Amino acid sequence: LHSGQWAPLLGGRTPFVWKPPIVVWGNGAGMALLGENELGGRLAVGLAGLMLCALTAWFGWRIGNRWTMAIAPLALVSAPGLLLEHGLRTANPEAWLLLAVTASFAFFLETGARSARVRLGGLALLSCFSSWTKGLVGPLVVGGALFLVELAVPRETEAGPTTLRQRLARAVVTAGAATIPGLL
């Protein structure tokens, strides 16, 4: 924060590689806004948690009804692991990774009927975002999850039944688009 150098991240003269950049950038932005204190350091991860709750509510509404929309984020915020250990309280990158995975699912769900170029391009951008949240683990989590969804859940726009080979091929392309850009 004092040096003003945001990329590459340095700890003194050596590269700082212990946390992904979005955690450090978020904490630095919060401290720049609210001062160098605990609230400033946790502002960005708190906003990530709020966005995660909003996306979870959206998913609840999309796949259920208004009751599902109300209960889904409440179930999420009542999880002690998210609140106390892995994200919102300690500013760990897991809250950012959950946000990246949830945003990838939301994008995947909403772009089902659009062109493959739009879908795969958006997943590539989300893959890069997920790599900023948790390093190489982020794109692997996103790609693996979307591979399973693409393989298991039929698309609403399909005219007829698809073979396992067709679904497997589509799942591999989707997982590749959601993994490879973030690994590069």
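Residues numbered from 1 in each chain as written. Predicted model: local features only at pLDDT ≥ 70, side-chain atom pairs only at ≥ 80, totals over all residues. Heavy atoms only, no water.

## Comments concerning the overall build of the chain
Our working definition: For the purposes of this entry, the term helix denotes a DSSP run of H or I that reaches at least four residues, the term strand denotes a run of E that reaches at least two, and both are numbered from the N terminus. Burial classes: relative accessible area under 20% of the type maximum marks a residue as buried, over 50% as exposed, and values in between as partly exposed (1.4 Å probe, protein chains only). Contacts between residues were defined by any pair of non-hydrogen atoms, one from each residue, lying within 4.5 Å. All accessible-area figures derive from a Shrake-Rupley calculation using a 1.4 Å probe, and residue coverage is judged against the displayed protein chains alone.
Summing up its helical and strand segments, the chain has eight helices and two strands in all. If you list the helices and strands of the chain from N to C, you get β-β-α-α-α-α-α-α-α-α. For the chain, the residues scored as buried account for 36% of the 184 residues in total. Contacts in the chain between residues far apart in sequence, at least 24 positions, make up 60% of those at least 6 positions apart. Of the roughly 10800 Å² that the chain leaves accessible, carbon and sulfur atoms contribute 70%.

## Re the packing of aromatic side chains
Test applied: Here is the rule: rings of Phe, Tyr and Trp (six-membered ring for Trp) pair when centre to centre is within 6.5 Å. Planes less than 30 degrees apart are stacked, more than 60 are edge-to-face, and the remainder are tilted.
Per the counting criterion, the structure on display carries one aromatic pair. Considering the side-chain rings of tryptophan 58 and phenylalanine 59, the 5.2 Å spacing of their centres and the 65 degrees angle between planes classify their relative orientation as edge-to-face. Tryptophan 58 gets classed as partly exposed once you look at its relative accessible area, which sits at 23%. Accessibility expressed as a relative area gives 18% for phenylalanine 59, which makes it buried.

## Notes on the side chain of threonine 56
Quick note on the threshold: By the criterion applied in these results, polar contacts are pairs of N or O atoms within 3.5 Å in which, for protein atoms, one can donate a hydrogen and the other can accept it, and in which residues neighboring in sequence qualify only through two side-chain atoms.
For threonine 56, the position within the fold is in helix H2 (residues 38-63). Overall, threonine 56 belongs to the buried group, its relative accessible area being 16%. At 2.7 Å, the side chain of threonine 56 and the backbone oxygen of leucine 52 are in polar contact. The residues contacting threonine 56, other than those within four sequence positions of it, are Ala72, Pro73 and Leu76.

## Here we look at the nonpolar core
The condition that has to hold: Take the buried residues of types Ala, Val, Leu, Ile, Met, Phe, Trp, Tyr and Cys, join any two whose side-chain atoms come within 4.5 Å, and each joined set is a nonpolar core.
The biggest cluster of nonpolar side chains holds 13 residues, and the ones touching the most others in it are Ile22, Trp96, Leu99 and Phe129. Mapped by element, the contributors of at least two residues to this core are helix H1 (21-34), H2 and helix H5 (94-110). Of the residues forming this core, the biggest block, five residues, is contributed by H2. Residues contacting isoleucine 22, with those up to four places away along its chain left out, are Trp96, Phe129, Trp132 and Thr133. Core analysis: the next-biggest nonpolar cluster, separate from the first, contains seven residues, Phe108, Leu123, Leu146 and Ala178 among them.

## Observations concerning the environment of cysteine 53
Mapped onto the fold, cysteine 53 is located in helix H2. In this structure cysteine 53 comes out as buried when scored by relative accessible area, which is 15%. Residues cysteine 53 and leucine 76 lie 23 residues apart in sequence; the distance between their C-alpha atoms is 7.2 Å. The contacts of cysteine 53, once residues within four sequence positions are left out, are Pro73, Leu76 and Val77.

## Description of the confidence of the model for the chain
Here is the rule we go by: The pLDDT score gives, residue by residue, the confidence of the prediction method on a 0 to 100 scale.
Averaged over every residue, the pLDDT of the chain is 75; the share at 70 or more is 75%. When pLDDT is averaged over each helix and strand of the chain, the minimum, 62, is found for strand E1 (residues 10-11) and the maximum, 84, for helix H3 (residues 66-77).

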